[in-house]
Structure formats: C-alpha cells, structure tokens
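# A closer look at the structure
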Amino acid sequence: MDNTTTLGRRLGAEYCGTAALLMAIVGSGIMGSQLANGVLALVLMANALATGMALQVFISIWGPVSGGHFNPAVTLVMALRREITSRTAAAYMVVQILGGISGVLIIHAMFDQSLWQISQTSRNGFGQFLSEMVATFGLLTVILFVGRWRAEAVAGAVGGYITAAIWFTASTSFANPAVTVGRALTDGFTGIAPADIGLFITAQIIGAVLASFYFSWQTGSSSRNQAESSPRETL
C-alpha cells in the first residue's frame, strides 16, 4: 500500500472492492440457481469458485491502494495491530458496508429482480456460530501469516482459502460483517435472515480477534511500530 495515497482514494478502493465482492457472491448464487436445475452442490461449487477467483482479482487490483480489506473484521484486526489508525478503520468499515449494499442492489438490477429484498434464509444455532468463528479465524490467519512471509501471495492465498472454506464450513464461510449485512438484502441462495446477522457478526469478530492473538503468539510480535507503519493520510 502506497503511504502517499489519499484517504479518499483508499476509501474509494474499499467501497468498490466490497461492492464487487458482493456482486460476485450474490450474482454467482443467482446464476447458479437458475442453471443448476435444483442441484445445490452445483450452485455451491459455482458460488465458491466465483467468490474465490473474484477475491484474488480484487485484492490484486485494490490491495496496493487500500490494503484490499473489503471486510470490517480485517480492518478491525489491522486497527488493533496499529497498522492503520482508528479514524481510518472507522471510515473503512462505513464504506465497506455501503459498498456491500450497493453491490447487492446492482446485481438485483442486472438480473431484473426487485432491488430491495429481505432474506428468508435462516442461519442460526451453535454450528453456524462456530463455523463463522472458525472461518474468520482462518481467513485472518491466512492474511496475517502469508502477509508476513510472502506478501505477494496474499491475494491467491485468500482466494484459495475462501473457496475451500465455503465448502468445509456449515455456514458457507461468510467471514465478513459487510458481506453478512449485504446478504441479508437478497432473498436467494446466498441470503441470511436479518435476525441471524448478530450471531454471525459476533462470531466473526471473535474469530478475527483470536487470529490476531494467535499470530502475535506465534511470531512474537504484537504490532508494527505506529510511526513506521501508519500510512500518511491526506484528504
């Protein structure tokens, strides 16, 4: 990430990246449902591949500008580790959520669906909570460790992990509060009932924070030096 990049440009990157991510997630779910003739395994495969590949591309595009978070859980951990300021983190989270909502609305328009929808898909219970905690712990572990050892491989590692996690977690690995909010606004394969948002986001935050502690324990480093790591922010 370029330390001279203005805050406005970084926020623009986070907004566009999160919107594009939700377009990939929701759009592939809609297209898969239309083409798979009710075979849910095929829909899930399409959704996993599209999401994983899209993440790799989007992180490669916008990562050098903003860090390519597209995820309030990632932003939270970076703020806790003092790699970005709390002011920047708060702004990132706002545009990530707005970007996610925008992406869902755009996809609905593309598929000639009602723009505003409320999901009826229930995702609750301990299994879903544990799945989201594990999924988010894994995602942050990938980001932190690969970012430390091979920063150039983060995009591919994140894309590969999410593709796999969509299959091995009972929740299909949302692992992202902005994605969770956005998916509550689409009533289809990728949706989540608004009543279950709190459960998912709580699990995601716990998983992210645990990953940060685990990384610090494994590497013996709690954070970067604030003066060295915080990008210079201008408007």
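In short, a report on the structure. (Residues numbered from 1 in each chain as written. Predicted model: local features only at pLDDT ≥ 70, side-chain atom pairs only at ≥ 80, totals over all residues. Heavy atoms only, no water.)

This part covers the overall build of the protein chain. Along its length, the protein chain carries 9 helices and 0 strands. Of the regular secondary structure in the protein chain, the N- to C-terminal order runs α-α-α-α-α-α-α-α-α. A compact globule built from 235 residues would reach a C-alpha radius of gyration of about 18 Å, and the protein chain, at 17 Å, matches this within 12%. If you line up the protein chain on its principal axes, its C-alpha atoms span 55 × 35 × 30 Å. For the protein chain, the proportion of its 235 residues judged to be buried stands at 52%. A sequence separation of at least 24 residues applies to 79% of the contacts in the protein chain between residues at least 6 apart. If you sum the accessible surface of the protein chain, you get close to 10,400 Å²; carbon and sulfur atoms cover 66% of it. (Helix = DSSP H or I, 4+ residues; strand = E, 2+ residues; numbered from the N terminus. Rg over C-alpha atoms; globule rule 2.2 N^0.38 Å. Buried < 20%, exposed > 50% of the residue type's maximum accessible area, 1.4 Å probe, protein only. Contact = heavy atoms within 4.5 Å. Areas by Shrake-Rupley, 256 points an atom, 1.4 Å probe, with all protein chains shown as cover.)

The geometry of a pair of packed helices is captured by two quantities: the angle between their axes and the separation between those axes. Close contact between helix α1 (residues 7-35) and helix α2 (residues 40-66) brings their axes to 9 Å; oriented N to C, the two are set at 170 degrees. Compared by their axis directions, α1 and α2 come out roughly antiparallel. Across the contact of α1 with α2, the residue classes break down as 14 nonpolar, 8 polar and 3 charged. (Axes fitted to C-alpha atoms, helices over the stretch in contact; angles between N-to-C directions. Parallel < 35°, antiparallel > 145°, perpendicular 65-115°, else oblique. Nonpolar A, V, L, I, M, F, W, Y, C, P; charged D, E, K, R; others polar.)

Right, let's get into the pattern of salt bridges. The tally for this structure, following the rule as stated, stands at 2 salt bridges. Residues Arg-150 and Glu-152 are paired through a salt bridge, measuring 3.2 Å at the closest nitrogen-oxygen approach. (Salt bridge = Lys/Arg side-chain N within 4 Å of Asp/Glu carboxyl O.)

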